[in-house]
Amino acid sequence: MVFSSFIFLFFFLPSVLLGNYLLKNVKKQNVFLLLSSLLFYAWGEGHLVILVILSALINFLTGYLIAKFQNKKLFLIIGITLNLSLLFYYKYFAFIISNINALGIAQLKEVTIILPIGISFFTFHGLSYIIDIYRNNQLVQKNFSNLLLYITFFPQLVAGPIVRYYDVESQLTKRIITFDKVIEGIKRFIIGLAKKVLIANVMGALFIKIMNDDIQQLSFGASWLAMIAFALQVYFDFSGYSDMAIGLAKMFGFTFLENFNYPFISRSIKEFWQRWHISLSNWFKDYLYIPLGGSRKGKLVLYRNILIVFFITGLWHGAEWRFIAWGCFNGVFIILEKMFLEKFLNKHKIISHIYFLIVILISFVFQNISGMDNVVLYLKNMFFLNNNENSLLVSHYLSKEEFLIGLIGIILNFPIKNYFSLKTPKSTQILSIFNTMFLMLIFSLSIIYLASDTYNPFIYFRF
C-alpha cells in the first residue's frame, strides 16, 4: 500500500485517523496504531510482516540485555550481527552468489529472494535503537508493543525517514493532538502528494521514455535531459514521500525531523549530502563515520572513512555494482573537495554551483546505467564525444506539459518562500486564504492524475 493510492487516501487513512481520535488514552492509541501499521505492511507483503515483528523482537531483547548486564559490548555485537544477517540474506545474498559465479570462484545455484519492503529502513531503526542503548541505558524500552510501534509505525515504515528512537521516545507515551497540528499535518501531506504525483511521476515517465531508446541514438541534449528528469523525479518522489510521512506523523501527534533541505541549491557534493536524505546522512555519520575515527586521526584515515561510508551508502541503495559505483563516485568527489577543491569553490559561488550540478548529474549516470561499456557510451554522449549522426533530439521526447512541469520542478528546488515577508495581519489572512485554495487545487489535480495515470511508483519503496 502506497500513500498515493486510492485505497490509502480514501479508506485506510480516514479509518485510522477516526479510530485514533476516538481513543483518548495514549496506551489505547498505541495499540490501535500498532495494529493499523501491521495491517498496512501486511497489505502488500503478507506473511513477511512476521519478519518486521522478528526484527523488533531481536532488538527488544538485545536492548534489554545491553541495559541489564555488564558485558554490554558482547550483546551489542550479537544484536548488530543478527540485524545485519537478516538484511544480508534478503538484500545481498543473491548478489553475492551471482558475483561468485561470475568470477568463476565456484558455480553455486542462483537464488531468487523477494526483498521485503522497507527492510533497509526498519533494520536501521533497530540498529540505532540498540546502539543508543549501549551509549545510554536510560533509553531502553520495557514495553515490547511500544518498541514494535516505533519500528512499524506506518508513516516511516517502508521508505523512511530514518527516525531515531531517542527523537520519539517521549512521544510514544505522551503526545498531544491539537487541531493546529492536524491541519499542519494535512497541509504537509497534500504538498508531498502533489510533489510525488504532479512532478515526480511526470518526470519519471519522461526519464523512462528517453532511456527506452538505444543509448547510441541519444543526442547531447537528450542525454542531459534524461539525467535532469531523473534528478527531478528522485527528489520530488522521495522528498514528497518524506513530506507525507512528516504530515501523517503530525496528524497522529508525532513530530519527525526534516529529511530534505533544498539539496539542489548546493555548491559542493559535501553540501549536497548535508541537505539530501538528511536522516540517512546523519545515521551514517553517527553510527559509522565517527566510530571509524571521523576526521580525528589524520587525512589518510579521513579519506579512508569517507570511502567506506560512501561504499556502504551505495550498497545500501541497492545490491548492484552501479549503486556501489554511484556511492564511491560521490565519495571520491568529497575527498577531492577536502583535498583542494573546497577553497576554490568557496570563493566562486556561480562556478561552484555549476560544478555541483554537472557532477551530481554525472553521478546519476552511474546509478542508472548498467554495465561500464554503457556508462562510458552515455558519458560520451553527454560531452559531444560520440558521432551520433541519427541521434534523437530533445524535441523528440519533451512535450509542452513535461517542459512546463519540469520548469516548475526546477523553480521549486529553490527556497522561494524565503523571499516573501508578510508585514500586516491583513496580508497574512489573505495569504492564508490563498494557501487553502491552492492546497485544494493541487490535491484535486493529484487525484485527477492518479485516476488517469498508471505510472505511480515510489523509487525508495522496496529498500
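Scroll up to find the structure.
Would you take a moment to explain the environment of Asn346 for this structure?
Within the element layout of this structure, Asn346 appears in helix α14 (residues 321-347). Of the residues examined, Asn346 reaches a relative accessible area of 54% and is grouped as exposed. Taking the C-alpha atoms as reference points, Asn346 and Ser268, 78 residues apart in sequence, are found 9.2 Å from one another.

Just to check I follow, could you spell out the packing of helix α2 (residues 26-45) against helix α3 (residues 49-68) for this structure?
Each pair of packed helices can be described by the angle between their axes along with the distance between the axes. At their nearest, the axes of α2 and α3 sit 8 Å apart, and the two run at 135° to each other. Between α2 and α3, the crossing angle belongs to the class labelled oblique. Side by side, α2 and α3 meet where Leu38, Tyr41 and Ala42 of the first sit next to Val49, Val52 and Ile53 of the second. For the contact of α2 with α3, a count of residues per class yields 6 nonpolar, no polar and no charged.

Got a minute to help me understand the packing of aromatic side chains in this structure?
Aromatic ring pairs are reported here in terms of the distance separating the ring centres and the angle at which the planes meet. With the rule as written, the count across this model stands at 54 aromatic pairs. Centre to centre, the rings of Phe12 and Phe40 are 5.6 Å apart; their planes meet at 50°, and the pair counts as tilted. Taken together, the residues span a long stretch of sequence, with Phe12 in helix α1 (residues 6-22) and Phe40 in helix α2 at a distance of 28 residues. Each member of the pair, Phe12 as well as Phe40, carries the same accessibility label: buried. Arranged with centres 5.8 Å apart and planes meeting at 65°, the rings of Phe153 and Phe154 form a pair that is edge-to-face.

Teacher, can you tell me more about the nonpolar core here?
A general trend in soluble globular proteins is that nonpolar side chains are found buried together. Ranked by internal contacts, the top residues of the largest apolar core, which has 140 residues, are Phe8, Phe154, Phe252 and Phe364. Considering each element in turn, this core owes the most residues, 19 residues, to helix α10 (residues 220-251). Those residues in contact with Phe154 that sit more than four places away from it in its chain are Phe3, Phe8, Phe12, Val16, Ser37, Phe40, Leu248 and Phe252.

How should the pattern of salt bridges be read in this particular structure?
Any two side chains of opposite charge can pair, given that their charged atoms come close. The tally for this structure, following the rule as stated, stands at 10 salt bridges. In this structure, Asp286 and Arg164 form a salt bridge, with 2.8 Å as the shortest nitrogen-oxygen distance. Note that Asp286 is positioned in helix α12 (residues 278-289) and Arg164 in the loop between α7 (154-157) and α8 (165-168), a separation of 122 residues in sequence. Note on Asp286: relative accessible area 23%, which makes it partly exposed. The salt bridge involving Asp243 is made with Lys195; its shortest N-O contact spans 2.7 Å. Of the two residues, Asp243 sits in helix α10 while Lys195 sits in helix α9 (residues 179-211), which places them 48 residues apart along the sequence. Accessibility assignment for this pair places Asp243 and Lys195 in one class, buried.

The rules behind these values
- Residues numbered from 1 in each chain as written.
- Predicted model: local features only at pLDDT ≥ 70, side-chain atom pairs only at ≥ 80, totals over all residues.
- Heavy atoms only, no water.
- Helix = DSSP H or I, 4+ residues; strand = E, 2+ residues; numbered from the N terminus.
- Buried < 20%, exposed > 50% of the residue type's maximum accessible area, 1.4 Å probe, protein only.
- Axes fitted to C-alpha atoms, helices over the stretch in contact; angles between N-to-C directions.
- Parallel < 35°, antiparallel > 145°, perpendicular 65-115°, else oblique.
- Contact = heavy atoms within 4.5 Å.
- Nonpolar A, V, L, I, M, F, W, Y, C, P; charged D, E, K, R; others polar.
- Phe/Tyr/Trp six-rings, centres within 6.5 Å; stacked < 30°, edge-to-face > 60°.
- Core = buried A, V, L, I, M, F, W, Y, C linked by side-chain atoms within 4.5 Å.
- Salt bridge = Lys/Arg side-chain N within 4 Å of Asp/Glu carboxyl O.

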